[in-house]
Amino acid sequence: MNTFGERLRLSTFGESHGTAIGGVLDGLPAGLEIEISNIQSELDRRKPGGKYATPRKEADEIEILSGIFDGRSTGAPIGFIIRNANQHSKDYENLKDIFRPAHADFSYFAKYGLRDYRGGGRASARETAVRVAAGAFAQILLNHFKISVKSGICGVGEIYAENLDFDFAQNSEIFALDPAVESAQKELILSVKNAGDSIGGYVLTRVTGVPAGLGEPLYGKLDAALAGAMMGINGVKAVQIGAGVKASTLKGSENNDFMCASNDAIRTNGGKIGANFASNNAGGILGGISSGTPIEITTHFKPTPSIFMAQRSVDVRGTDAVCELRGRHDPCIAVRGSVVATAMARLAIADALLLNASATLGNLKRIYGED
């Protein structure tokens, strides 16, 4: 499938070494003021280049094809492209018949009987630039409801953040959440890069300002939608909501988020409720529906499979082969992956917000002006 979302739908197209990548974002309400510079600034955060990412140079400039007129969304599908300008397809010619270990080469070939070997083709992380642009459009909608989405790097290898500072992460070269371990995380990334190897990492995404009541009770649960959104990012191997796997080690008395009355009201479909949660092990979601507390998602990225070491593999004829990689690759995909995680959370929350608009009769009456 190449489409994500129910009410707010993103379809993407293009390959790593094709002419362009692009997307169609359908379902964004009409009348939103669109500043293309805001979309571009998010793309600039994800684009390649620098010491801690692939040296591939791409401007990643967005070109709008439809859906925006006089600076506002029209309600029509927003079509856009991002041109590829710095392909080095020749770097992959020696591997056109060899499956790269831990890449999607083998599984794509098993499914389709052919594959685009130029930099991973459709399976390349290059495609995520489209998701980042779409997520920036979604954030424009979320801004009207004071919903904020921020991500940062918690761990690189076994170097973990202890103190979380999302404001610091926005200006960190590797989007590190903890200033105290940023230098050590940087050093680890550079050391594996210099050795021709790679390293894994994990990202924390925090969504604040979400009203209680978003998400569907059974087959459209908000945590399932968010987990699916994150698992759809290239290189992601695990996703946790709130306490995540730690919850399986706790007693109910330890895991339950106790509640008490509060002067701080939580927004709901029916108005506001004065309630306070003593903890947030649930990660802001109960029964698949948002509780009004911050939503916290932890996304784990595997080490980049593109490493510059000789690796045992086979070719398309089933013969033993040696994979010796060339090209330009990220030493830690979690770094730029944190920007993509922000985008996917934005899309999932915006989709849930639009789906929830028709959840009650009262909502419909407010929309159509009925008493």
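Source: prediction; values computed, not measured.

Calculation criteria
- Residues numbered from 1 in each chain as written.
- Predicted model: local features only at pLDDT ≥ 70, side-chain atom pairs only at ≥ 80, totals over all residues.
- Heavy atoms only, no water.
- Helix = DSSP H or I, 4+ residues; strand = E, 2+ residues; numbered from the N terminus.
- Rg over C-alpha atoms; globule rule 2.2 N^0.38 Å.
- Contact = heavy atoms within 4.5 Å.
- Areas by Shrake-Rupley, 256 points an atom, 1.4 Å probe, with all protein chains shown as cover.
- Lys, Arg positive; Asp, Glu negative; His and termini not counted.
- Charge placed at Lys NZ, Arg CZ, Asp CG, Glu CD.
- Buried < 20%, exposed > 50% of the residue type's maximum accessible area, 1.4 Å probe, protein only.
- Core = buried A, V, L, I, M, F, W, Y, C linked by side-chain atoms within 4.5 Å.
- Polar contact = N/O pair within 3.5 Å; in protein donor to acceptor, adjacent residues only side chain to side chain.
- UniProt positions renumbered as here; feature names shortened; annotations may be inferred.
- 1 Å grid on protein atoms, 1.4 Å probe; cavity = no way out; pocket = protein on both sides within 12 Å on 5 of 7 lines; lining within 4 Å.

## Focus on the overall build of the protein chain
Then, number 1: Each helix and strand counted, the protein chain has 9 helices and 18 strands in total.
Then, number 2: Its C-alpha atoms give the protein chain a radius of gyration of 22 Å, within 12% of the compact-globule value 21 Å for 371 residues.
Then, number 3: Each of the three principal axes of the protein chain carries a C-alpha extent, and together these read 70 × 50 × 40 Å.
Then, number 4: Residue pairs in contact within the protein chain that sit at least 24 positions apart in sequence constitute 69% of those at least 6 positions apart.
Then, number 5: Roughly 17700 Å² of accessible area belongs to the protein chain as shown, and the carbon and sulfur atoms make up 52% of that amount.
Then, number 6: Averaging the positions of the 39 positive and the 40 negative side-chain charges in the protein chain gives two centres separated by 2 Å.

## Structural notes on unusual backbone geometry
Then, number 1: One non-glycine residue, D70, adopts positive backbone phi at about 55°.
Then, number 2: Here D70 is to be found in the loop between β5 (68-69) and β6 (72-73).
Then, number 3: You will see that A102, though not glycine, has its phi angle at about 70°, which is positive.
Then, number 4: Checked against the element boundaries, A102 lands in the loop between β7 (78-83) and α2 (105-112).
Then, number 5: Exposure remark for A102: the relative accessible area of 53% places this residue in the exposed category.

## A look at the nonpolar core
Then, number 1: In terms of nonpolar packing, the biggest core is built from 67 residues, with F137, V207, L226, I295 and I349 touching the most fellow members.
Then, number 2: Examining the composition of this core, we find that 16 residues originate from one element, helix α8 (residues 333-356), more than from any other.
Then, number 3: Dropping the residues within four chain positions of it, V207 is found in contact with I147, S148, V149, P294, I295, I297, A345 and I349.
Then, number 4: One finds F166, A169, Y202 and L204 within the second-largest nonpolar core, a separate group that totals 6 residues.

## What about the side chain of S16?
Then, number 1: Note that S16 resides in the loop between β2 (9-14) and β3 (20-26).
Then, number 2: Of the polar contacts made by the side chain of S16, one reaches the side chain of S124; its length is 3.5 Å.

## Notes on the UniProt feature "binding site: NADP(+)" (unreviewed entry) in the protein chain
Then, number 1: With numbering matched to this structure, UniProt assigns "binding site: NADP(+)" (unreviewed entry) to R46 and K51. Looking only at the residues we just named, the largest cavity is lined by R46.
Then, number 2: On the secondary structure map, R46 appears in helix α1 (residues 36-46).
Then, number 3: When near neighbours in sequence (up to four residues on either side) are disregarded, R46 contacts D60, A125, R126, T128, A129, V132, R336, V339 and V340.
Then, number 4: By secondary structure assignment, the location of K51 is in the loop between α1 and β4 (62-66).
Then, number 5: The exposure class assigned to K51 is partly exposed, which follows from its relative accessible area of 46%.

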